[in-house]
Amino acid sequence: MEKQSFGKKERVRKRKNYLDIYQRGRRVHSNNFTVILSPNPSGEKRLGVAVGKKVGNAVKRNRIKRLLREFFRLSKDRLPDSKDMVIIAKRDVSSLKYQDVCLELAELLKK
RNA sequence: AGAGCAGAUCGGAUGAUCGCGGGUCCGCCGUCGGCGGGCUGGAGGAAAGUCCGGGCUCCACAGGGCAGGAUGGUCGCUAACGGCGACUGGGGGCGACCCUAAGGAAAGUGCCACAGAAAAUAUACCGCCCCGAUCUUUUUCGGGGUAAGGGUGAAAAGGUGAGGUAAGAGCUCACCAGUUUCCCGGGUGACCGGGAAAGCUUGGUAAACCCCAUCCGGAGCAAGACCAAAUAGGGAAACACUUGAGGGCUGCCCGUCCGAAGUUUCCGGGUAGGUUGCUUGAGGCAACAGGCAACUGUUGUCCCAGAUGAAUGAUCAUCACCCCUUCAGGGAAACCUGGGAGGGGAACAGGACCCGGCUUACAGAUUUACUCUGACA
RNA sequence: CGCGGGUUGGAAAAGAGGUAAUUCGCUGGUCUCAUAAGCCAGAGACGGGAGUUCGAUUCUCCCACCCGCCA
């Protein structure tokens, strides 16, 4: 069985990395999210999450981040290796359920 | 029973699967460290706003004056406060109770639009009265007295009555209201109660300047300390004490300190990044004691988040809570009781150095004391 | 996280206790064969809630929103 953990190695953790990904990555948009994909040399697949202040207060922002990480964790095996991915939440999506998030992102990643 | 008022407590619970970050122990690889496993604990009453106060850290341990800021009934509590408690004055409510930036306007300055005669030194508009002139008289003009009457305004120069007067006026008197001073009694005090005298009365505004009293050094954990790739060439210490540029100490001044350029010695400084500060503390809980209370003391007991692109989530089940629909029983009905079935809801909100407060947001639940109205006894 | 500044018609922007200017835009009229320009007239605002005051856009306090600085 594929492991479903989500450790520190699998996160994008520095501002520099984010800037690199923003510059080099390919962007895909949907209603609520923007996904940026960029190759990275390390061999790992990594996730970064960006939720701006416009989206809501701290509770809402935290909830969105958790939902996005949950999605990444559970559908890791279907994602390509050696890719950095940053998901940006565009608006207040804290009322969405986890399943709604899954559907929308899965759609988005097919493109 | 209804309406209300002041507090206090809580802020869903349990389980399963997957997952996150901390501490600790064990094992393996092993230079830091990494990997795996076990155990343990992991957001709030406001964690929020950042409105105050303090601890802590650095700035040269910070002295004086001016400027600036804050507070403003009294007494207390406290590490401290702009907080809290008790009490006093004022205002509101039938009441429980609530609100109160509540020192000084008889230090000075300013302002008080429009209206009004006048907005503070009453320069008198109408009116009333006296005198003089004019004239047959009413009239008209001039000089003066008068704040009792008028209308205006948010606010009009103590109120009522009597005397008094040419007309009037605290001009005088009685009562009442208020101010200041003094005395007596009570209280730690704000102040309260009683009495006497004075001048006879003084507009409002200090969240206008200001005066008085008290307090305040500046920055802030992105403080500060340590390790240290890259890059750039200097940096630090000691001595000497002449000129002292320039800089720092709070905005300015005084005052004071460092100090370029000299000689000698030494090798360090520092960005990315990392470590530390970082959680045992004015700490929580319980009992007893002191105090009206805020709070304090003693004893016992407990260890309860330390992340850093930032950890608490997702899915499911059960049980409680609320709402809606439907069903059964009782009833004439309103409705009451039961809980079978289905559906929905569950607030405000997330630590970022730590505490004490304040303020603001908040579905609902539990509970205590008290007040008013109605009924019964 | 900490520290500062601001909010006035649709847009910009003065006013600092009593009447809210001004410019552009908008609407109607006039002029023109018609449009523009010009001229005349008009509508449309003090971020919300308390307090001080006779009276707050202005002063004080509390919220909301926006902007900036410190890596």
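Here, the structure is the one placed above.
Residues numbered from 1 in each chain as written. Chains lettered and ligands numbered in written order. Predicted model: local features only at pLDDT ≥ 70, side-chain atom pairs only at ≥ 80, totals over all residues. Heavy atoms only, no water.

> What should I look at first to understand the overall build of chain A in this one?
Helix and strand counts for chain A stand at three helices and four strands. Written out in order from the N terminus, the α and β elements of chain A read α-β-β-β-α-β-α. Relative to the globule expectation of 13 Å for 111 residues, the C-alpha radius of gyration of chain A, 13 Å, shows essentially globular dimensions. The buried share among the 111 residues of chain A stands at 41%. Excluding contacts between residues fewer than 6 apart, the proportion of contacts in chain A whose partners are at least 24 apart in sequence is 81%. When the accessible surface of chain A is summed, it comes to about 7,200 Å², and 48% of that surface belongs to carbon and sulfur atoms. Of the side chains in chain A, 30 bear a positive and 12 a negative charge, and the two mean positions are spaced by 7 Å. (Helix = DSSP H or I, 4+ residues; strand = E, 2+ residues; numbered from the N terminus. Rg over C-alpha atoms; globule rule 2.2 N^0.38 Å. Buried < 20%, exposed > 50% of the residue type's maximum accessible area, 1.4 Å probe, protein only. Contact = heavy atoms within 4.5 Å. Areas by Shrake-Rupley, 256 points an atom, 1.4 Å probe, with all protein chains shown as cover. Lys, Arg positive; Asp, Glu negative; His and termini not counted. Charge placed at Lys NZ, Arg CZ, Asp CG, Glu CD.)

> What is the right way to read the sheet that holds strand E4 (residues 83-89) from this model?
Two orientations exist for strands paired in a sheet by backbone hydrogen bonds: parallel and antiparallel. Ordered by their spatial adjacency, four strands build an open sheet running E1-E2-E4-E3, and the pairing between neighbours is mixed. Of all strands in the sheet, those bounded by a partner on one side alone are strand E1 (26-29) and strand E3 (46-51). Put simply, the sheet's adjacent strands are angled 20° from each other on average, direction ignored. As paired elements, E1 and strand E2 (residues 33-39) share four bridges and run antiparallel to each other. When the sheet's bridge partners are listed, His29 is paired in E2 with Thr34. (Pairing = 2+ DSSP bridges. Axes fitted to C-alpha atoms, helices over the stretch in contact; angles between N-to-C directions.)

> For this particular structure, what's the right way to read a positive patch on the surface?
The grouping of Lys8, Arg11, Arg13 and Lys14 at the surface amounts to a positive patch. With respect to the helices, strands and loops of the structure, Arg13 is situated in the segment before helix H1 (15-24). (Patch = residues over 30% accessible without salt bridge, like charges linked within 9 Å, V, L, I, M, F, W, Y side chains within 5 Å. Salt bridge = Lys/Arg side-chain N within 4 Å of Asp/Glu carboxyl O.)

> Explain the packing of helix H2 (residues 58-74) against helix H3 (residues 98-110) to me, please; I cannot follow it from the model alone.
Relative placement of two packed helices is described by the angle separating their axes and the distance separating the axes. Across the interface, H2 lies against H3 with an axial gap of 10 Å and an inter-helix angle of 60°. What the angle tells us is that H2 and H3 run oblique. The two elements H2 and H3 cross, and the hand of that crossing is right-handed. Each of Leu67, Leu68, Glu70, Phe71 and Leu74 in H2 lies in contact with H3, whose residues at this interface are Tyr98, Val101, Cys102, Leu105, Ala106 and Leu109. (Parallel < 35°, antiparallel > 145°, perpendicular 65-115°, else oblique. Left-handed = near helix turned anticlockwise from the far one by under 90°.)

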